[in-house]
Amino acid sequence: MEMWCLRAFLLPSTIVFFFFVPQILVQFTYASVEEFTRPTAGNIILTKHERSESEPQQVHISLAGSDHMRVTWVTEDHRSHSTVEYGTAPGQYTTRIRGKHTSYTFFSYTSGKIHHVKIGPLEPETTYYYRCGASDPEFSFKTPPSTFPIEFAVVGDLGQTDWTKSTLEHVESKDYDVFLLPGDLSYANSQQPLWDSFGRLVEPVASRRPWMVTEGNHDVEMVPVVSPQGFKSYNARWLMPYKESGSESNLYYSFDVAGGSIHIIMLGSYTEFDSDSAQYEWLQQDLAKIDRRTTPWVFVLLHAPWYNTNTAHQGEGEEMRKAMEELLYGARVDIVFAGHVHAYERFTRVYDNDADLCGPVYVTIGDGGNREGLAMSYKEPASPLSMFREASFGHGRLRVVNHTHAHWSWHRNNEANSVVADEVWLESLSTSSTCMGQEPSSLKDEL
Ligand SMILES: [Fe+2]
């Protein structure tokens, strides 16, 4: 099912066709595997707008440079002000900041007024209460800590289905600090009201913890004349801190957390990545700035996986892998998270298709709950590089305990419950004198 969208991306006339043809939802039924019955794809949840035109909706927050947060929301009333009032006690707003706004058209659709307000400086690990546009309701968020430990929720290919709802409920059932999403957000597929519905669905989660996202193929929405470059809605609604990280595009950027002890790079699978591209040049410069003595952890997120033993989307990340893998390997990136394949898979440390103690751990986590269902089929025999693979909806959690150790766990949506189905302790590559002291090509013999 998902392939049609990628083909449409390559053939603009096709996407116009799909835009005008009502979406056909295919329900998959899966056979039992072991004791766990595979779920069908979830039904789409349409989250209605139940506030007044001037009240904020689709509120979400994102990290925006050191000590700052960007608050984003939409109002149907274009006279609403782009201001955020906030403070550390409910109803007591000690600071008021004015920001920017935008809107866009897509065929006959005109978006609401999309507000972006960057607030701060903020204290770490502190709860702030805030209002948007001087209007109720009041929201609150907690800033991430400036030291270890820190915990990330990692969810790919989210969509807006019954399974999305389950996944988000499971994410919220245990506290965490930052939400990471490696692409494919709303599955609007050019039906713009679905972006609004998605924003309303995720607001209770995304207004209280920062959401850091990168784009997937379902976020492209490339249409001649209307959106020839693509990403019209994604860029307007999900503004990320690209300027703060020296990038010229919202499609790739980086940010620091835990007081600079963790550097996270969000790459773009659907924009240029070759060695003469702006993204490649930016990545080179971004990696060169990292000092692993003060930044022991480096994580990367992108959409189309570079390593994948599922039969779905085979080879779709290969061109990007060939272009950029050496850069990530040379920088001793610790983990690379991808989405796109609607299943979970964890690899060992890999470089250039071989096990390599100094390569990143690769994780595919494209099982957030989208409407296309799960990618059930795997290549056989299993690759020795693939340590765990399972086609189930779920989410991941990365708890970075200290400078040296982090715990990764994958939580399967087991009906109403969330069950840990895979977990592993990881050691930062910055602690390895072997990996930090030798040239990359000389290490394979040690395995
Ligand atoms: Fe995708």
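How each quantity is defined
- Residues numbered from 1 in each chain as written.
- Predicted model: local features only at pLDDT ≥ 70, side-chain atom pairs only at ≥ 80, totals over all residues.
- Helix = DSSP H or I, 4+ residues; strand = E, 2+ residues; numbered from the N terminus.
- Buried ≥ 20, exposed ≤ 12 C-beta atoms within 10 Å, placed from the backbone.
- Contact = placed C-beta atoms within 7 Å.
- Pairing = 2+ DSSP bridges.
- Axes fitted to C-alpha atoms, helices over the stretch in contact; angles between N-to-C directions.
- Expected span 1.5 Å × (residues − 1).
- Arc of directions from axis to C-beta.
- pLDDT = per-residue confidence, 0-100.

Participant: Please clarify how the overall build of the protein chain should be interpreted in this entry.
Facilitator: Scanning the protein chain from N- to C-terminus turns up 8 helices and 26 strands. In the protein chain, which comprises 447 residues, the proportion classed as buried is 49%. Long-range pairs, those at least 24 residues apart, make up 70% of the contacts in the protein chain between residues at least 6 apart in sequence.

Participant: Whenever I open this one, the sheet that holds strand β15 (residues 211-213) confuses me. Can you help?
Facilitator: As a general point, the strands of a sheet are linked pairwise by backbone hydrogen bonds and lie either parallel or antiparallel. Strand order in the open sheet formed by 6 strands is β15-β14-β13-β24-β25-β26, and the pairing between neighbours is mixed. Every other strand in the sheet has two partners, leaving β15 and β26 (417-427) as the edge strands with one partner each. Strand after strand, the sheet turns through a mean of 20° between neighbouring axes, direction not considered.

Participant: For this particular structure, what's the right way to read helix α4 (residues 193-206)?
Facilitator: Structurally, the α-helix is built with 3.6 residues per turn, so residues lying three or four positions apart point the same way. Look at α4: 19 Å from first C-alpha to last across 14 residues, which is about the 20 Å you get at 1.5 Å a residue. For α4, the buried fraction is high: 10 of the 14 residues fall into the buried class. Those residues of α4 lying buried are Leu194, Trp195, Asp196, Ser197, Phe198, Gly199, Arg200, Leu201, Val202 and Ala206. Buried residues along α4 sit in contact with β3 (57-63), β4 (69-75), α3 (162-172), β15 and α5 (232-237).

Participant: Help me out: how do you make sense of the environment of Leu357 in this one?
Facilitator: Its location among the elements puts Leu357 in the loop between β21 (354-355) and β22 (361-365). In sequence terms Leu357 and Thr434 are 77 residues apart; their C-alpha atoms lie 9.1 Å from each other.

Participant: Explanation requested: the sheet that holds strand β6 (residues 95-98) in the structure shown.
Facilitator: Read across the sheet, 4 strands follow the order β6-β5-β11-β12 without closing on themselves; strand pairing throughout is antiparallel. With one partner strand each, in any of the chains shown, β6 and β12 (135-142) form the two edges of the open sheet. Within the sheet, the average angular offset between the axes of one strand and its neighbour, ignoring direction, is 25°. Bridge count between strand β5 (residues 83-87) and β6: 4 bridges; the pairing is antiparallel. Bridge pairing in β6 places Tyr86 opposite Thr95.

Participant: Help me understand helix α6 (residues 278-288), please; the structure alone is not making it clear to me.
Facilitator: Those residues of α6 that fall on the buried side of the exposure criterion are Gln279, Trp282 and Leu283. Viewed end-on, α6 has its buried residues packed into an arc of 100°, placing them on one side of the element. Along α6, the residues that are exposed and aim more than 90 degrees away from the buried face are Glu281, Gln285 and Ala288. Contacts made by the buried residues of α6 are with α7 (318-330).

Participant: In this structure, what is going on with unusual backbone geometry? I would like to understand it.
Facilitator: Following Asp136, the chain continues into Pro137 via a peptide bond in cis, with omega recorded as 5°. Counting through the fold element by element, Pro137 comes out in strand β12. The residue after Glu380, namely Pro381, is reached through a cis peptide bond having omega -5°. Tracing the chain through its elements places Pro381 in the loop between β22 and β23 (386-390). Here Ser190, not a glycine, exhibits a phi torsion of approximately 80°, which is positive. Note on placement: Ser190 falls in the loop between β14 (178-181) and α4. Phi angles above zero are rare outside glycine, and His340 is one such case at about 75°.

Participant: Any chance you could explain the pairing of strand β10 (residues 113-119) here in plain terms?
Facilitator: Taken residue by residue, a regular strand's side chains alternate between the two faces of the sheet. Sheet topology places β4 next to β10; 7 bridges connect them, and they run antiparallel. In the sheet register, Val71 faces β10, and the bridge partner there is Val117. Of the pairings in the sheet, the one linking strand β7 (residues 100-102) to β10 comprises 3 bridges and is antiparallel in character. Residue His101 lies in a different strand from β10, and its bridge partner there is His115.

Participant: In this structure, what is going on with the confidence of the model for the protein chain? I would like to understand it.
Facilitator: It should be kept in mind that the predicted coordinates are not to be read in detail where pLDDT is low. Confidence in the prediction of the protein chain, expressed as mean pLDDT, is 90, and 89% of residues score 70 or more. For the stretch residues 439-447, pLDDT sits under 50, and the model shows 14 contacts to residues farther than four places along the chain or on other chains.

Participant: Help me understand the environment of Asp196, please; the structure alone is not making it clear to me.
Facilitator: Within the element layout of this structure, Asp196 appears in helix α4. Classification of Asp196 as buried rests on a count of 24 C-beta atoms within 10 Å. Among residues more than four places away in sequence, those in contact with Asp196 are Gln58 and Val74.

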